[in-house]
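Descriptive structure summary
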Amino acid sequence: MATAQLLSSHLHPQITPPLPSKLITNRFWNCNTDSTNNQTPHFLKMQFQPNSTPTPISESQHNKIPHLLTVAGSDSGSGAGIQADLKTCAARRVYCSTVITAVTAQNTLGVQGVHMVPEDFVAQQLNSVLSDMNVDVVKTGMLPSLSVVKVLCQSLRKFPVKALVVDPVMVSTSGDILAGPSVLAGFREELLPMADIVTPNVKEASALLGDVPMKSVSDMRTAAKLLHDLGPRNVLVKGGDLPNSSDAIDVFFDGQEFYELSSPRVNTRNTHGTGCTLASCIAAELAKGSSMLSAVKIAKRFVESALDYSRDLVIGNGAQGPFDHFLAFKNISQSSCRQDRFNPNDLFLYAVTDSRMNSKWGRSITEAVKAAVEGGATIVQLREKDVETRDFVDAAKVCLEICRSYGVPLLINDRIDVALACDADGVHIGQSDMSARLARTLLGPEKIIGVSCKTQEQAHQAWIDDADYIGSGGVYPTNTKANNRTIGLDGLREVCKASKLPVVAIGGIGMSNAGDVMKLGVPSLKGVAVVSALFDRECILTETRNLHAVISEAALLPQ
Ligand SMILES: Nc1ncnc2c1ncn2[C@@H]1O[C@H](COP(=O)(O)OP(=O)(O)O)[C@@H](O)[C@H]1O
Ligand SMILES: Cc1ncc(COP(=O)(O)O)c(N)n1
Ligand SMILES: [Mg+2]
């Protein structure tokens, strides 16, 4: 009742129809989370004057780092609250100071306890930071009582900042109450009118507006307009918890235009702290000097990337896990699909695809790969010279699933970008591609890198450049590669002898000569790579099985 009365005095009596909205979809944004931010902050340079009292550094001498102050609650599980804000700012390279309003005992199961910090001590923290530390932007999270809201508003009036981001935290993802209904009046009457942006989720928007229904994007737009009427310069109603929505759609309203910010919904349990992270990322970008809409777009993309990177992360036993703000876990979780980073024995029967052969036989890349791994291929390389990049990435993702289900590594020929895009196990590069050293820098320590080498010098360089294996050939003449010098068994032996890396032989190898290659008897030679003998045949499965039998037999023979 009290809520309804309060609302009626603050809202326009009639709901205006939603204005036309602009649809912005994350799908078309560059995935590099830093791409729109070219204002890399500078770190403070200390000036030392030995044997003298320190002199203050003038403003012009400062290399000032953007500074965000978060006024929020502590989450012992570190998924949300102050801890999420600190991690977000560290990831976005903005300095973050903290005023703690409450200490929660919290984990992935829920909130077990809340210990409120007395409001005069909140005031003292605010005074300490704001009076001294050149704060650019204030972001608020859990404000557990009306008196804390009031204390905050007083401090902000005394120490104005460039921007105020209000995340009106009320209920945790687990459904526990973090701020009771008593704070609603403080939000509506004092804090929201001071805010540059308010970022409620659907439940919070509904509560702020007196429990209006929030079931659709259209409801979110209506709510954004009504919340804007309460005084904040901008409103972002977040749709992470909107029921029956396959995309995560947030509605942004700047008082004139609506924007629907849409990103694919990441299928993960690790969404605890998304709201805190979004708000602190918006605040961090504002501190760097972004416009409001651009800060919101960057923040949404940051949350989406972080969720995607940590989708399989397992921390805690509860329903909502935390995610990784530093986007570091992906390699760990995915590389654990394979037992080793690279096992040289995987080079034993190395299948290399060819798009022209596939089209000749009317097969898709994925059909060809499936047949090869079923037949016993121990590693697969996608060598697709004639395919559009987009189709290549899509096909590679499907092939990766097939290969992973057989425990077989999948490499991409030449295309580091495609390997990164589909998170393949590695690449195979030639002498005219970028160096293995550069590929290693781009791909990181976990990925497999193979290099084509015809000479001992090239083999040595591949080792120096931190490659994992060498492909050496053409051993026999081949039609697969134009103008490819044949090095013969002798050339192969020379490369193998000089190589500190494991070697796979390639070029014109098939049923008739694979045994001869395997019988070379050089320890570094681990297997044969084959194109036509598998993929330019009617039945890939049978050919792979037969070839596997031939090279297994040859490998067992005494040298
Ligand atoms: N599963 C998800 N996939 C992608 N984005 C999500 C997902 N869940 C939430 N988001 C996004 O995270 C941000 C926080 O939203 P939300 O979860 O609704 O807030 P809160 O954490 O305050 O409840 C929004 O930009 C929302 O669209
Ligand atoms: C201290 C604190 N602040 C905010 C949230 C909200 O985060 P979420 O909605 O993801 O549970 C929380 N759970 N704990
Ligand atoms: Mg959330």
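Structure's up top.
Here the structure is a predicted model, which means the values were calculated and not measured. (Residues numbered from 1 in each chain as written. Chains lettered and ligands numbered in written order. Predicted model: local features only at pLDDT ≥ 70, side-chain atom pairs only at ≥ 80, totals over all residues. Heavy atoms only, no water.)

Some words on the overall build of the chain
Here is the rule we go by: In this text, helices come from DSSP runs of H or I with a minimum length of four residues, and strands from runs of E with a minimum of two, each type numbered from the N-terminal end. We call a residue buried when its accessible area falls under 20% of the maximum for its residue type, exposed when it is over 50%, and partly exposed in between, using a 1.4 Å probe and counting protein chains only. Every residue pair with non-hydrogen atoms within 4.5 Å of one another is taken to be in contact. Computed with the Shrake-Rupley method and a 1.4 Å probe, the accessible areas treat only the protein chains shown as cover for residues.
Within the chain, the regular secondary structure consists of 20 helices and 18 strands. By residue count, 52% of the 559 residues in the chain fall in the buried class. Summarising the internal contacts of the chain: among those between residues at least 6 apart in sequence, 68% fall at separations of at least 24. Total accessible area on the chain is roughly 25,100 Å²; 53% of this is exposed by carbon and sulfur atoms.

Details of the layout of surface pockets
Heads up, the condition is: Think of a 1 Å grid over just the protein atoms. A cavity is a set of points where a 1.4 Å probe fits yet cannot get out, a pocket is an open set with protein on both sides within 12 Å along at least five of seven lines, and lining residues have an atom within 4 Å of a point. Grid points are joined across faces, edges and corners, and a volume is the space filled by probe spheres set on the points. Gly is placed with the polar residues, together with every amino acid not listed as nonpolar (Ala, Val, Leu, Ile, Met, Phe, Trp, Tyr, Cys and Pro) or charged (Asp, Glu, Lys and Arg).
Computed from the structure, the second largest pocket encloses a volume of approximately 870 Å³. Residue lining of the second largest pocket: 42 residues in total, with Thr-173, Thr-271, Gly-273, Thr-274 and Gly-275 positioned closest to the centre. When contributions to the lining of the second largest pocket are tallied by element, the ones reaching two or more residues are strand 2 (67-75), strand 3 (95-107), helix 6 (202-208), strand 9 (247-253), strand 10 (258-264), helix 8 (274-288) and helix 9 (292-309). Counted by class, the lining of the second largest pocket contains 13 nonpolar, 19 polar and 10 charged residues.

Digging into empty space enclosed by the protein
A complete count under the given rule lists three cavities of 30 Å³ or more for this structure. For the second largest cavity, the calculated volume is near 60 Å³. Lining the second largest cavity, in full, are Gln-106, Asn-107, Thr-108, Gly-110, Val-111, Ser-172, Thr-173, Ser-174, His-272 and Gln-320. Tallied by class, residues from the lining of the second largest cavity come to one nonpolar, nine polar and no charged.

Regarding the sheet that holds strand 13 (residues 410-413)
Quick reminder of the rule: Pairing between strands is defined by DSSP: at least two bridges between them are needed. Note on method: axes are straight lines fitted to C-alpha atoms, helices fitted across the in-contact stretch only, with angles between N-to-C directions ranging 0 to 180 degrees.
The strand order around the closed barrel formed by eight strands is 11-12-13-14-15-16-17-18, and the pairing between neighbours is parallel. Across this sheet, the average inter-strand angle for adjacent strands is 25°, counted without regard to direction. Sheet topology note: the strand 14 (residues 426-429)/strand 15 (residues 448-453) ladder contains four bridges and is parallel. Bridge pairing in strand 15 links Gly-426 to Ile-448.

Notes on the site of ligand 1
So the rule is basically this: If even one non-hydrogen atom of a residue comes within 4 Å of a molecule or strand, that residue is called near it. Within 3.5 Å is the distance limit for a polar contact, defined as a pair of N or O atoms, with the added protein rule that one can donate a hydrogen and the other accept it, and that residues adjacent in sequence qualify only through two side-chain atoms.
Taken together, the neighbourhood of ligand 1 is formed by 15 residues, with Asn-201, Lys-238, Asp-250, Val-266 and Gly-275 sitting nearest. The separation between an oxygen atom of ligand 1 and a polar main-chain atom of Gly-240 is 2.9 Å. With respect to ligand 1, the side chain of Thr-274 contributes an N or O atom lying 3.0 Å from an oxygen atom. Taking 560 Å² as the accessible area of ligand 1 by itself, protein coverage stands at 93%. Looking at the shell around ligand 1, the elements that each hand over two or more residues are strand 9, helix 8 and helix 9. For the shell around ligand 1, the class distribution of residues is six nonpolar, four polar and five charged.

Regarding the site of ligand 2
Quick reminder of the rule: Think of it this way: if more than half of a molecule's atoms are within 2 Å of a pocket's grid points, that molecule is in the pocket or cavity.
Taken together, 13 residues form the shell around ligand 2, and within it Gly-73, Gln-106, Thr-173, His-272 and Gly-273 come nearest. Between a nitrogen atom of ligand 2 and a side-chain N or O atom of Gln-106, the distance comes to 2.7 Å. Here an oxygen atom of ligand 2 and a side-chain polar atom of His-272 are 3.2 Å apart. In isolation ligand 2 has 360 Å² of accessible area, and contact with the protein removes 94% of it. In this structure the site holding ligand 2 corresponds to the second largest pocket. A breakdown of the residues in the shell around ligand 2 according to their chemical character gives five nonpolar, eight polar and no charged.

Let's talk about the nonpolar core
Here is the rule we go by: Residues enter a nonpolar core if they are buried and are Ala, Val, Leu, Ile, Met, Phe, Trp, Tyr or Cys, with the set joined through side-chain atoms within 4.5 Å.
One finds Tyr-350, Leu-382, Ile-412, Ile-449, Leu-492 and Val-517 to be the most contacted residues of the largest nonpolar core, which totals 77 residues. For this core, the element with the highest residue contribution is helix 13 (residues 389-406), accounting for eight residues. Counting residues in hydrophobic clusters, the runner-up holds 49 residues, among them Val-135, Val-138, Val-149 and Phe-253.

Regarding the packing of aromatic side chains
Here is the rule we go by: In summary, the pairing rule links any two rings of Phe, Tyr or Trp, Trp by its six-membered ring, whose centres are within 6.5 Å, and it sorts them by plane angle into stacked for under 30 degrees, edge-to-face for over 60 and tilted for everything else. By definition, being over a ring means that NZ of Lys or CZ of Arg is both within 6 Å of the ring centre and within 35 degrees of the ring normal.
This structure, assessed with the given rule, holds four aromatic pairs. Aromatic side chains Phe-252 and Tyr-259 sit 5.9 Å apart centroid to centroid with 50° between the ring planes, which places their arrangement in the tilted category. The two residues Phe-252 and Tyr-259 agree in class, both being buried. Feature note: the residues Phe-342, Tyr-350 and Tyr-469 constitute an aromatic cluster, connected by ring pairs. The ring of Phe-258 is capped by Arg-221, whose NZ or CZ atom sits 5.0 Å from the centre of that ring. The ring of Trp-463 carries the charged tip of Lys-500 above its face, separated from the ring centre by 4.1 Å.

Thoughts on the packing of helix 8 against helix 9
Quick note on the threshold: Angle categories: roughly parallel below 35 degrees, roughly antiparallel above 145, roughly perpendicular from 65 to 115, and oblique for all the rest. Less than a right angle of anticlockwise turn of the near helix away from the far helix marks a crossing as left-handed, whereas a clockwise turn marks it as right-handed.
Close contact between helix 8 and helix 9 brings their axes to 8 Å; oriented N to C, the two are set at 140°. Comparing their axes, helix 9 and helix 8 come out oblique. Handedness of the crossing formed by helix 8 with helix 9: right-handed. Only Met-292, Ala-295, Val-296, Ile-298, Ala-299, Lys-300, Phe-302, Val-303 and Leu-307 of helix 9 make contact with helix 8, whose side of the interface consists of Thr-274, Thr-277, Leu-278, Cys-281, Ile-282, Glu-285 and Leu-286.

A few points about the pattern of salt bridges
Applicable threshold: Salt-bridge detection follows one rule: a side-chain nitrogen of Lys or Arg within 4 Å of a carboxyl oxygen of Asp or Glu.
The full count for this structure, using the stated rule, is 24 salt bridges. Its salt-bridge partner being Glu-260, residue Arg-221 comes within 3.4 Å of it at the nearest N-O pair. With Arg-221 in helix 7 (residues 217-228) and Glu-260 in strand 10, this pair connects stretches of sequence that are 39 residues apart. Judged by its relative accessible area of 10%, Arg-221 is buried. Linked by salt bridges that have partners in common, Lys-64, Asp-136 and Lys-162 make up one network.

Some points on helix 15 (residues 436-443)
Note the following rule: Comment: arc refers to directions from the helix axis out to C-beta atoms.
Of the positions making up helix 15, those classed as buried are Ala-436, Ala-439, Arg-440 and Leu-443. End-on, the buried residues of helix 15 take up no more than an arc of 100°, which puts them together on one face. Buried residues belonging to helix 15 abut helix 14 (416-422), strand 14 and strand 15. Backbone geometry just downstream of helix 15 places Gly-444 in the positive-phi region, at approximately 90°.

Such coordinate-based values are descriptive only and should not be taken to indicate function.
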